[in-house]
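Listed below are the residues making up each chain.
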Amino acid sequence: MVRPCPSVGPRGRLRAWPGARELAPSLRARSARCRRLLPRGCAAPAGGGAGGAADMTDNIPLQPVRQKKRMDSRPRAGCCEWLRCCGGGEPRPRTVWLGHPEKRDQRYPRNVINNQKYNFFTFLPGVLFNQFKYFFNLYFLLLACSQFVPEMRLGALYTYWVPLGFVLAVTVIREAVEEIRCYVRDKEVNSQVYSRLTARGTVKVKSSNIQVGDLIIVEKNQRVPADMIFLRTSEKNGSCFLRTDQLDGETDWKLRLPVACTQRLPTAAVSSFPCRSPCGQPVLGEDSDPPISESLSIENTLWAGTVVASGTVVGVVLYTGRELRSVMNTSNPRSKIGLFDLEVNCLTKILFGALVVVSLVMVALQHFAGRWYLQIIRFLLLFSNIIPISLRVNLDMGKIVYSWVIRRDSKVPGTVVRSSTIPEQLGRISYLLTDKTGTLTQNEMVFKRLHLGTVAYGLDSMDEVQSHIFSIYTQQPQDPPAQKGPTLTTKVRRTMSSRVHEAVKAIALCHNVTPVYESNGVTDQAEAEKQYEDSCRVYQASSPDEVALVQWTESVGLTLVGRDQSSMQLRTPGDQILNFTILQIFPFTYESKRMGIIVRDESTGEITFYMKGADVVMAGIVQYNDWLEEECGNMAREGLRVLVVAKKSLAEEQYQDFEARYVQAKLSVHDRSLKVATVIESLEMEMELLCLTGVEDQLQADVRPTLETLRNAGIKVWMLTGDKLETATCTAKNAHLVTRNQDIHVFRLVTNRGEAHLELNAFRRKHDCALVISGDSLEVCLKYYEYEFMELACQCPAVVCCRCAPTQKAQIVRLLQERTGKLTCAVGDGGNDVSMIQESDCGVGVEGKEGKQASLAADFSITQFKHLGRLLMVHGRNSYKRSAALSQFVIHRSLCISTMQAVFSSVFYFASVPLYQGFLIIGYSTIYTMFPVFSLVLDKDVKSEVAMLYPELYKDLLKGRPLSYKTFLIWVLISIYQGSTIMYGALLLFESEFVHIVAISFTSLILTELLMVALTIQTWHWLMTVAELLSLACYIASLVFLHEFIDVYFIATLSFLWKVSVITLVSCLPLYVLKYLRRRFSPPSYSKLTS
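Note that residues are indexed from 1 along each chain, following the sequence as it is written. Residues qualify for local features only when their pLDDT is at least 70, as the model is predicted, and side-chain atom pairs are given and counted only at 80 or more; totals for whole chains, interfaces and linings, by contrast, use all residues. Where side-chain values are given, they derive from all heavy atoms of the structure, hydrogens and water being excluded.

Labelled according to an unreviewed UniProt entry, the chain appears under the name Phospholipid-transporting ATPase, originating from Cebus imitator. According to its UniProt record, the chain has this under Sequence similarities (unreviewed entry): "Belongs to the cation transport ATPase (P-type) (TC 3.A.3) family. Type IV subfamily." UniProt positions are given in the numbering used here, feature names are shortened, and annotations may be inferred rather than shown by experiment. Note on the chain: under the UniProt heading Catalytic activity (unreviewed entry), the record states "ATP + H2O + phospholipidSide 1 = ADP + phosphate + phospholipidSide 2."

Shown next, in the form of structure tokens:
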């Protein structure tokens, strides 16, 4: 639209406002959507734009995010009244100078991608803080520091500082490696080079050095580095396509249009073009005569993270760094601490309580004589082994082993463990929340069914359709079917060939697909227009459904060979080119659920209105028939995405009348969208029903058996998608997320509290049915009835949330965690899944053609959804069970020696004297027992094939039985029994010297630990045998150097050998007998499968 512009601001500037980025999917609904932060773009005024606000929709619906604080503290200026509802106070205007970023009047963030948790200065303090916030790490730090006080020292300083230093060193090294990897990935993105357009020509600039106001040239297949306004393209058709798979995981391309006045300029002249853009107002060219007014819409934007799919584009940078749309719609990552670690932390607090109680009892038995408070501290230090310092380092090293095993598993190739701190979480997942597009599906559509009412054509009968088309165009070449007017078939029943031909032609014309011809990777439109070579043709569209339909019409003989903004060319089986003029296009929107096109046949001058859409809206548009509803239901039950295709012939006068009313409606200032829709609806009456089409979104390999495995394992699966309700429901049925015998309750659209209350009551009366709900209805329910809705939803076997925004996905994850207390796992593949992945207890990113943004932000990265089954059933289960056994055994090892110390002190008049000193106490938890105990990370109760075959085994872990208060208490009793037996046995059997007690008890203790490891192991690995023999050899060899603590001559006597053997036998034999009796009369579930 060209009109004089108001006098605002200095010349030569492009002005945009933060509020102006919030482009409503439909401006007529803006007052009802004041709660929502709408997709960021440049807002079109009510009277601007040719397609209507309803046409300016984006495929990535967004939800509220907290506005980030600006770097400057100046007060914000006023803006459009309707933008105040977008949250975060008054939006502030932004003035952008084209090609002159140095003239900006505000400071803007650098265009830097940063996914690191720390920087150079905060790394060491941050890592140490995260370690010492664990209770027992802080306890051991205080313990080690206390040894600098002479009254509290019990032994050499190294006995306390060496274990603590080793634990911290392992943690710091692991965190440093992960930070370096993250830094390298970020540097790779920030170092990508782009061309910046200046008055002196083009200069190279790194992505991190791009500033607001820069004119950036983005080549084909290059990532858009910042949020920009699209000014110019090299494509002759005046448009370009973007790939958004890095943002939303969808492989369909999005059409973008440049600002018309800058598109007409040469590339070099764009940098000197004087223009500005006030909030919600057009881009203005002030020096032109007359002044040019161009409104902006979502179609004029280039989002950061998208990839240019066609041609070379020029854009002006509006937003950078943390102000990018994708960044502002991504929640900050939280530092994840596994539930297993929290449980272990809780157990160490119980052990600390036991330590304090034992110390107080010892002092109380001395009747608090003398400086009793110092005695309490000394006993606290003496019994400090009750809390094992080696527990944390053993568990951390175990996590590293689990990560290595996952990466080396040939049955899940390409799997990457990006967070090695939470592998045990994989073994206790109760809720799995998955994206649809690109995660469950390949986003590749396949045409499966054409239904004409009396006959249906499937994949096996498409050759019949081809023969019908061929016969139409070859029987009477001198009088092609396009020339036959409607009068020829008014009284005579049309033949099947003509019915098929009309249906195929409608499908070939009613779409938004553009054929692009590529040769050696370079688009050559001029050559394409001459030859229309099939081998070089690629279809571009914003929907994979439309591409599938056009590819099918090509397969049956009617090929789309050319298209621009105003015309379309089809090629017949006889190589005849049919030319059509595009008069009007009515794009698909979420509100209308249909799209239409009016074309004029160049050969006959006939004007035809074609329309296709969802059956729910098309049923009231087409002429009465008795088969539409039934056949649509049948096809939907097969998991097909159904479209109804219809047409209407228009007389010239009828069309001219429509066009006049349509143009008038588009020029309206008030209620423009409503008036435009009313005019279009005047055509949508008594249309002739041509056919139904059935398209299937191909599922990824083995999605159905994987979902069935997860269900049998007791995991509830929720599908959260931004796609349409009908599409999401079809995919849920097709993937068997909803089983055939389950009912589906589609939660109707609710807008207020009363409607939500009624719909929830209706849903409450249904049992064992899957729930399908839209994002808008979900928002209303969570606002008024959060607790009631979550209670009902958690009882459903499956839940499908469609039209879900990225932040809404994260909100659902958070609510599940809060309401159920269960562990959640989120799976996604696009940038719109990042918030959900980071919010969940365990995030899994699917890496593939849909991009890497989700996989880089996830804790685990897989290449296919089917690998998730093995990741949970095998690796998650093994990691949790192994860590549970390892942690309890390390606690048992420490409690044994602490029990012996308590017995020793009580026998010798409650003296605070250590039983073992120096290297003995360090060697006990390191070289003498570390390898056998740590070898438990290789143990497994069943083979991986059995774990996959019987997912019910996974269900047992959801109750947390491998590590519970019950198992903890059992190990405490075992430790007290064995520690007491060894110590009392040594005291009874020793002869004359104290060193004999040390020799007998310590040797028995080492042998008992080695035998207990053997008792605990369920499946022997050759490394376990090596660890046992190596530890025993190390102890025997070190006896030569331990003459300070042990009488070397005594251990070589027969008396020593039989005493040690008896004590060891008494401490271990009863436990072996109990284990045998338990497996004999009450075997665990896994033993039934292995026997």
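After that view, the rundown keeps rolling.
Before going further, it helps to examine the overall build of the chain. Note on conventions: DSSP H or I runs of at least 4 residues are helices, E runs of at least 2 residues are strands, and numbering of each starts at the N terminus. Secondary structure assignment for the chain yields 35 helices and 35 strands. Each residue's exposure class comes from its accessible area (1.4 Å probe, protein chains only) as a fraction of the maximum for that residue type: buried when under 20%, exposed when over 50%, partly exposed otherwise. Here the chain holds 1091 residues, and 56% of them are scored as buried. By definition, residues are in contact when any of their heavy atoms lie within 4.5 Å. Sequence-distant contacts, at least 24 apart, represent 75% of the contacts inside the chain between residues at least 6 apart. Areas reported here follow the Shrake-Rupley algorithm with a probe of radius 1.4 Å; residue values treat only the protein chains shown as occluding. Just so you have it, the chain exposes about 45800 Å², and 57% of that area is on carbon and sulfur atoms.

The rule is short: rings of Phe, Tyr and Trp, with Trp giving its six-membered ring, pair when the centres are within 6.5 Å, and they are stacked under 30 degrees, edge-to-face over 60, tilted in between. What the rule picks out here adds up to 22 aromatic pairs. Here the aromatic rings of Phe379 and Phe383 are separated by 5.9 Å at their centres, their planes lie at 15°, and the arrangement is stacked. Phe383 shares its class with Phe379; the two are buried. When the centroid spacing of 5.2 Å and the interplanar angle of 85° are considered together, the rings of Tyr928 and Tyr1035 count as edge-to-face. Of this pair, Tyr928 sits in the loop between α27 (919–925) and α28 (930–934) while Tyr1035 sits in helix α33 (residues 1022–1038), and the two are 107 residues apart along the sequence. Across the pair, exposure class does not vary: Tyr928 and Tyr1035 are buried alike. Put simply, the rings of Phe586, Phe609, Tyr655, Phe658 and Tyr662 touch in pairs and so form one group of aromatic residues. As a reminder, the over-ring test applies to NZ of lysine and CZ of arginine, requiring each to be within 6 Å of the ring centre and within 35 degrees of the ring normal. Note that Arg1080 overlies the ring of Phe1081, its terminal NZ or CZ placed 5.6 Å from the centroid.

Before going further, it helps to spend a moment on the pattern of salt bridges. Every case where a carboxyl oxygen of Asp or Glu lies within 4 Å of a side-chain nitrogen of Lys or Arg is listed as a salt bridge. Going through the model one piece at a time under the given rule, you end up with 25 salt bridges. With its nearest N and O atoms 3.8 Å apart, the salt bridge here joins Glu175 to Arg174. In this structure, Glu175 and Arg174 share a single accessibility class: buried. With a shortest N-O distance of 3.1 Å, Arg748 and Glu759 are connected by a salt bridge. Of this pair, Arg748 sits in the loop between β30 (743–746) and α20 (753–764) while Glu759 sits in helix α20, and the two are 11 residues apart along the sequence.

So, about the confidence of the model for the chain. Predicted confidence across the chain gives a mean pLDDT of 80, with 82% of residues reaching 70 or more. A low-confidence stretch, residues 477–493 stays under pLDDT 50, and its non-local contacts, those more than four residues away or across chains, total 17 contacts. Counted against residues more than four places away or in other chains, residues 521–526, with its pLDDT under 50, gives nine contacts. For every residue, the predictor states its confidence as a pLDDT score lying anywhere from 0 to 100.

Before going further, it helps to examine the UniProt feature "binding site: Mg(2+)" (unreviewed entry) in the chain. In this structure's numbering, the residues bearing the UniProt feature "binding site: Mg(2+)" (unreviewed entry) are Asp435, Thr437, Asp829 and Asp833. These residues run over 399 residues, yet every pair of their C-alpha atoms falls within 10.8 Å of each other. Looking at the secondary structure, you find Asp435 in the loop between β16 (429–434) and β17 (441–451). Those residues in contact with Asp435 that lie beyond four places of it in its chain are Leu440, Leu720, Thr721, Lys809, Val827, Gly828, Asp829, Asp833 and Met836. Side-chain polar atoms of Asp435 contact the side chain of Lys809, separated by 3.4 Å. If you trace the backbone, Thr437 turns up in the loop between β16 and β17. Given the relative accessible area of 4%, Thr437 is considered buried. Within the structure, the side chain of Thr437 is placed 3.3 Å from the side chain of Lys436, a separation counted as a polar contact. Here a polar contact is taken to be a pair of N or O atoms separated by no more than 3.5 Å, where protein atoms must pair a possible hydrogen donor with a possible acceptor and residues adjacent in sequence count only if both atoms sit in side chains.

A few words on a nonpolar patch on the surface. Patches in this entry comprise residues that are over 30% relatively accessible and not in a salt bridge; like charges within 9 Å are linked, as are nonpolar side chains (Val, Leu, Ile, Met, Phe, Trp, Tyr) within 5 Å. A surface patch of nonpolar side chains, amounting to about 900 Å² of accessible area, comprises Leu1011, Leu1065, Leu1069, Tyr1072, Val1073, Leu1074, Tyr1076, Leu1077 and Phe1081. Sorting elements by how many residues they give to the nonpolar patch places helix α34 (residues 1054–1081) first, with eight residues. Counting through the fold element by element, Leu1069 comes out in helix α34. Exposure remark for Leu1069: the relative accessible area of 45% places this residue in the partly exposed category.

With that settled, consider the state of the cysteines. The disulfide criterion is simple: two cysteine sulfur atoms within 2.5 Å. Within this structure, the stated rule accounts for zero disulfides. Note on Cys804: no disulfide assigned, nearest cysteine sulfur contributed by Cys801 at a separation of 4.8 Å.

On to a positive patch on the surface. Together, Lys955, Lys959, Arg961, Lys966 and Arg1078 make up a region of like positive charge exposed at the surface. When you line up the elements, Lys959 lands in the loop between α30 (952–955) and α31 (965–989). A residue is classified by how much of its surface remains accessible, and Lys959, at 60% relative accessible area, is exposed. Asp and Glu are treated as the negative residues and Lys and Arg as the positive ones, with His and the ends of the chain left uncounted. To locate a charge, take NZ of a lysine, CZ of an arginine, CG of an aspartate or CD of a glutamate.

Look at helix α11 (residues 496–509) against helix α13 (residues 544–555): their axes get within 9 Å of each other, and the N-to-C directions meet at 135°. By the angle between their directions, the pair α11 and α13 is classed as oblique. Where α11 crosses over α13, the two elements pack in a sense that is left-handed. Where α11 approaches α13, its residues Val504, Ile507 and Ala508 are matched on the opposing element by Leu549, Trp552 and Thr553. Geometry is summarised by axes, namely lines fitted to C-alpha atoms with helices restricted to the contacting stretch, and by angles between N-to-C directions that run from 0 to 180 degrees. Relative orientations are named as follows: roughly parallel for angles under 35 degrees, roughly antiparallel for angles over 145 degrees, roughly perpendicular for angles from 65 to 115 degrees, and oblique for any other angle. When the near helix sits turned anticlockwise from the far one by under a right angle, the crossing is termed left-handed; a clockwise turn instead gives a right-handed crossing.

Quick look at α33 now. Take the number of residues in a helix, subtract one, and multiply by 1.5 Å to get its expected span. In this model α33 runs 24 Å from its N-terminal to its C-terminal C-alpha over 17 residues, within 8% of the 24 Å that 1.5 Å per residue would give. Residues of α33 that are buried include every one of Met1024, Ala1027, Glu1028, Ser1031, Tyr1035 and Ser1038, and no others. The arc that holds every buried residue of α33, seen down its axis, measures 120°, which confines them to one face. Facing away from the buried side of α33 by more than 90 degrees, the exposed set consists of Trp1022, Leu1029 and Ile1036. Note: the arc covers the axis-to-C-beta directions of the helix.

Consecutive residues of a regular strand have side chains that alternate between opposite faces of the sheet. Of all six residues in β16, six are buried; the element is thus mostly enclosed. Where β16 lies against strand β33 (residues 823–828), five bridges are found, and the strand directions are parallel. Note on β33: the bridge partner recorded for Ile429 is Leu823. At least two bridges found by DSSP between two strands are what make those strands a pair. Across four bridges, the pairing between β16 and strand β29 (residues 716–720) is parallel. By the bridge assignment for β29, Leu433 is matched with Trp718.

Our next topic: the nonpolar core. Only buried residues count toward a nonpolar core. Its members are Ala, Val, Leu, Ile, Met, Phe, Trp, Tyr and Cys residues joined through side-chain atoms within 4.5 Å. Formed by 56 residues in total, the largest nonpolar core has its most connected members in Phe140, Phe340, Leu351, Phe383, Phe889, Leu963 and Met1012. The leading source of residues in this core is helix α26 (residues 867–907), at eight residues. Leave out the neighbours within four places in its chain, and Phe383 touches Leu355, Val358, Ser359, Met362, Ser898, Gln901, Ala902 and Ser905. Counting residues in hydrophobic clusters, the runner-up holds 42 residues, among them Leu450, Val504, Val550 and Val556.

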